[in-house]
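Coordinate inspection notes
The lines below spell out each chain.
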Amino acid sequence: MSLDLSTRLSASQIAGGTIVVSLLVLALKLGAWALTDSVALFSDAMESLVNVSAAVLAWFAIRYAERPADDGHPFGHHKAEYFSAVIEGIMIILAAALIVHQAISALTSGAMANLTPVALVVNAAALAINLLWAQILLRSGLRLKSPAFEAGGRHLMSDVWTSAGVMGGLILVLVTGWTVLDPILALLVAVNILREGLHVVSDSVDGLMDKAASDEEQDKIRAVILGSGGGALQIHDIKTRRAGKAIFVEFHMVVDGAMTVAQSHDICDRLEHEIEATLPGVHVTIHVEPDHKLEDSGLEPTPPAPR
Ligand SMILES: [Zn+2]
Ligand SMILES: [Zn+2]
């Protein structure tokens, strides 16, 4: 029934829906925490808070990253995406620190959570909404071929498992009266949030450090050079770097030293065009060299058929 949504929603409806759903889930989790003073429920709510702020930040960052190049930023604004991830990482570390602080003060003061079945039902509702939205994201990600939605769905599923663990633990507290489990659960959630945060931060640091395009992307680029570089003697010093959605590629192209500038420019244009058609978002820069610059190894494109 409601999963039908995943076949009808457009990409922007899903992106907007994700923010609405995460705000609703956050409100329910904060409500459950306010009803109980449970540190575990606080940690669950903190995880949601981080998700909401990350989604909003990412929305702004992606819009900023899509701005066209200008005089001040002639290569474009692609790397803006990585700053939102770095800020997300900092928020995650703050959230984890807050949780640890609350858990330790609960453990040392012996203050008990006032768990009530009502609060657990409120939290269960938040869990159910997250579960439903995660499935919609995963299915829409497949349908719209959007890795971002699929990643969002997987992230939400990991949150669902965290919440389920917290709920299970709190039901155990309710049944057994072992209230010490509450701050311990919170500490486990903090570790989980930190683990996620490290992942996000290390991905963005790679981006800021001009990490090369993926092996798969580099293979595609080499295949196009070999197939479409006819007329060039050798291609060497291929360098790639990824900046957000963009990939920058540069290489040296060795041609017969007697070739005219117009002829070598034709090869460059063909290569640029074919590479950009194969990998959208690629920007190609080619440095042309005469044949005494041949190197020991490099790609040798298939020569054009004799006319
Ligand atoms: Zn060279
Ligand atoms: Zn040109």
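Per an unreviewed UniProt entry, the chain goes by Protein p34 and derives from Tritonibacter scottomollicae. What UniProt states about the chain under its Sequence similarities (unreviewed entry) heading is, verbatim, "Belongs to the cation diffusion facilitator (CDF) transporter (TC 2.A.4) family." We quote the UniProt Subcellular location (unreviewed entry) comment for the chain here in full: "Cell membrane".

1. Some thoughts on the sheet that holds strand 3 (residues 282-290)
Pairing in this open sheet of three strands is mixed, and the strands run 1-2-3 from one edge to the other. The sheet is open, and its two borders are formed by strand 1 (234-243) and strand 3, each paired with just one other strand. Sheet twist, expressed as the average angle between the axes of neighbouring strands with direction ignored, equals 15°. Across the sheet, helix 9 (residues 261-278) touches strand 1, strand 2 (246-255) and strand 3, and the angle it forms with strand 3 is around 155°.

2. A short note on the confidence of the model for the chain
When the pLDDT values of the chain are averaged, the result is 86; 96% of them are 70 or greater. Predicted as a complex, the structure gets a pTM of 0.68 and an ipTM equal to 0.73.

3. Here's the deal with the UniProt feature "transmembrane region" (unreviewed entry) in the chain
Following the UniProt record, one finds the feature "transmembrane region" (unreviewed entry) at residues 12-35, 41-62, 82-104, 116-138 and 159-181. Helix makes up 100% of residues 41-62 and strand 0%, with an end-to-end C-alpha separation of 31 Å. Annotated as 83% helix and 0% strand, the span residues 159-181 places its first and last C-alpha atoms 19 Å apart.

4. Considering the coordination of the zinc ion (ligand 1)
Ligation of the zinc ion (ligand 1) by protein atoms is provided by His-236 (NE2), His-252 (ND1), Glu-289 (OE) and Glu-289 (OE), these donors lying 2.1 to 2.5 Å from the ion. Taken together, the four donor atoms coordinating the zinc ion (ligand 1) span angles of 54 to 138° at the metal, a pattern that classifies the geometry as irregular. Mapped onto the sequence, the residues coordinating the zinc ion (ligand 1) show the spacing H-x15-H-x36-E. A residue pair is termed long-range when its members are at least 10 positions apart, and His-236 in strand 1 and His-252 in strand 2 qualify at 16 residues. Residue class for His-236 comes out buried when judged on its relative accessible area of 3%.

5. A look at the packing of aromatic side chains
This structure, assessed with the given rule, holds two aromatic pairs. Over the aromatic face of Phe-75 sits the side chain of Arg-241, whose NZ or CZ is 5.7 Å from the ring centroid. The ring of Phe-248 has Arg-241 sitting right over it, with the charged end atom 4.4 Å from the ring centre.

6. Focus: a nonpolar patch on the surface
Where nonpolar side chains cluster on the molecular surface, the patch consists of Leu-107, Leu-172, Trp-178, Val-180, Ile-184 and Leu-188 and spans about 570 Å² of accessible area. Topologically, Ile-184 is positioned in helix 7 (residues 181-208). Judged by its relative accessible area of 38%, Ile-184 falls in the partly exposed class.

7. Some thoughts on the pattern of salt bridges
Counted by the stated rule, this structure contains five salt bridges. Across the pair Asp-44 and Lys-29 runs a salt bridge whose closest N-O atoms are separated by 3.2 Å. Of this pair, Asp-44 sits in helix 3 (residues 39-65) while Lys-29 sits in helix 2 (residues 11-36), placing them 15 residues apart in sequence. Grouping residues by exposure puts Asp-44 and Lys-29 together as buried. Salt bridges linked by common partners bring Lys-79, Asp-210 and Arg-241 together as one network.

Quick notes on the rules
Each chain carries its own residue numbering, running from 1 in the direction its sequence is written. Chains carry letters from A onward and ligands carry numbers from 1 onward, assigned in written order. Reporting in this predicted model follows two pLDDT cut-offs: at least 70 for local features of residues, and 80 or more for side-chain atom pairs to be given and counted; totals over whole chains, interfaces and linings ignore these cut-offs and use all residues. Derived side-chain values reflect all non-hydrogen atoms in the structure, with water molecules and hydrogen atoms excluded from consideration. UniProt positions are given in the numbering used here, feature names are shortened, and annotations may be inferred rather than shown by experiment. Here, a strand pair is defined by DSSP locating no fewer than two bridges between the strands. Each helix is a run of H or I in the DSSP string that is no shorter than four residues. Each strand is a run of E no shorter than two, and both are numbered from the N terminus. Fitted lines through C-alpha atoms serve as axes, helices being fitted only where they are in contact, and the angles separating the N-to-C directions of these axes extend from 0 to 180 degrees. In what follows, a contact means two residues having at least one pair of non-hydrogen atoms within 4.5 Å. A score between 0 and 100, pLDDT records how confident the predictor is in each residue. Distances up to 2.8 Å from the metal define which N, O and S atoms are donors, and 3.2 Å serves for Na, K and Ca; water is absent from the atom set, so sites may look incomplete. Site shape is set this way: if four donors have all angles between 85 and 135 degrees, tetrahedral; if opposite donors are over 155 degrees apart and all others between 65 and 115, square planar for four donors and octahedral for six; otherwise irregular. We call a residue buried when its accessible area falls under 20% of the maximum for its residue type, exposed when it is over 50%, and partly exposed in between, using a 1.4 Å probe and counting protein chains only. Whether two aromatic rings pair depends on their centres lying within 6.5 Å, for rings of Phe, Tyr and Trp, where Trp uses its six-membered ring; planes under 30 degrees apart make the pair stacked, over 60 edge-to-face, and the rest tilted. Charge over a ring is defined by NZ of Lys or CZ of Arg lying within 6 Å of the ring centre and within 35 degrees of the ring normal. Patches in this entry comprise residues that are over 30% relatively accessible and not in a salt bridge; like charges within 9 Å are linked, as are nonpolar side chains (Val, Leu, Ile, Met, Phe, Trp, Tyr) within 5 Å. Working definition of accessibility: Shrake-Rupley area with a 1.4 Å probe, residue cover restricted to the visible protein chains. Think of a salt bridge as a Lys or Arg side-chain nitrogen and an Asp or Glu carboxyl oxygen that are within 4 Å of each other.

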